[in-house]
Amino acid sequence: MSARPTDDLFVRYMKAFEDSTKHTVDCPDCQGGAPCAEGAPAHDRFARLQDAYNDRQSKQQR
């Protein structure tokens, strides 16, 4: 039996979520809703990948 194929988009989305969350835990600026210069790219990457994943999921359900 072969292994299930890896969903690269989902893996990248979950890694971006992890990175964004880990940064927010240690950054008071990001906790207050104003992303710092270091956190903004991590949060933006997460948002872009989340949008891409959700868009793909909605297209598959049609």
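Computed from a predicted structure; not experimentally measured.

Caption draft 1: Representation of a nonpolar patch on the surface. A contiguous nonpolar patch, built from Phe10, Val11, Met14 and Phe17 and spanning about 320 Å² of accessible area, is present on the exposed surface. Examined against the element boundaries, phenylalanine 17 turns out to sit in helix α1 (residues 8-26). By relative accessible area, phenylalanine 17 is classed as partly exposed at 40%.

Caption draft 2: Spotlight on the packing of aromatic side chains. Scanning the model with the defined rule gives 5 aromatic pairs in all. Both rings, one in tyrosine 13 and one in phenylalanine 46, keep their centres 5.9 Å apart while their planes meet at 15°; by these two values the pair is stacked. One end of the pair, tyrosine 13, is in helix α1; the other, phenylalanine 46, is in helix α3 (residues 39-60), with 33 residues separating them in the sequence. Taken individually, tyrosine 13 and phenylalanine 46 each receive the classification buried, so the pair is uniform in this respect. Taken together, the aromatic side chains of Phe10, Tyr13, Phe17, Phe46 and Tyr53 make up a single cluster linked through ring pairs.

Caption draft 3: Spotlight on the nonpolar core. Membership of the largest hydrophobic core is limited to 6 residues, which are Leu9, Tyr13, Ala16, Phe46, Leu49 and Tyr53. Mapped onto this core, the elements with two or more residues apiece are α1 and α3. Non-local contacts of tyrosine 53, meaning those with residues more than four positions away in its chain, are made with Asp7, Leu9, Phe10 and Tyr13.

Caption draft 4: Representation of the packing of α1 against α3. At their nearest, the axes of α1 and α3 sit 8 Å apart, and the two run at 145° to each other. Both α1 and α3 take part in a crossing whose hand is left-handed. Two secondary-structure elements touch here, α1 through Leu9, Phe10, Arg12, Tyr13, Ala16, Phe17, Ser20, His23 and Thr24 and α3 through Gly39, Ala42, His43, Arg45, Phe46, Leu49, Gln50, Ala52, Tyr53 and Arg56.

Here is what the cut-offs are and how they apply
- Residues numbered from 1 in each chain as written.
- Predicted model: local features only at pLDDT ≥ 70, side-chain atom pairs only at ≥ 80, totals over all residues.
- Heavy atoms only, no water.
- Patch = residues over 30% accessible without salt bridge, like charges linked within 9 Å, V, L, I, M, F, W, Y side chains within 5 Å.
- Areas by Shrake-Rupley, 256 points an atom, 1.4 Å probe, with all protein chains shown as cover.
- Salt bridge = Lys/Arg side-chain N within 4 Å of Asp/Glu carboxyl O.
- Helix = DSSP H or I, 4+ residues; strand = E, 2+ residues; numbered from the N terminus.
- Buried < 20%, exposed > 50% of the residue type's maximum accessible area, 1.4 Å probe, protein only.
- Phe/Tyr/Trp six-rings, centres within 6.5 Å; stacked < 30°, edge-to-face > 60°.
- Core = buried A, V, L, I, M, F, W, Y, C linked by side-chain atoms within 4.5 Å.
- Contact = heavy atoms within 4.5 Å.
- Axes fitted to C-alpha atoms, helices over the stretch in contact; angles between N-to-C directions.
- Left-handed = near helix turned anticlockwise from the far one by under 90°.

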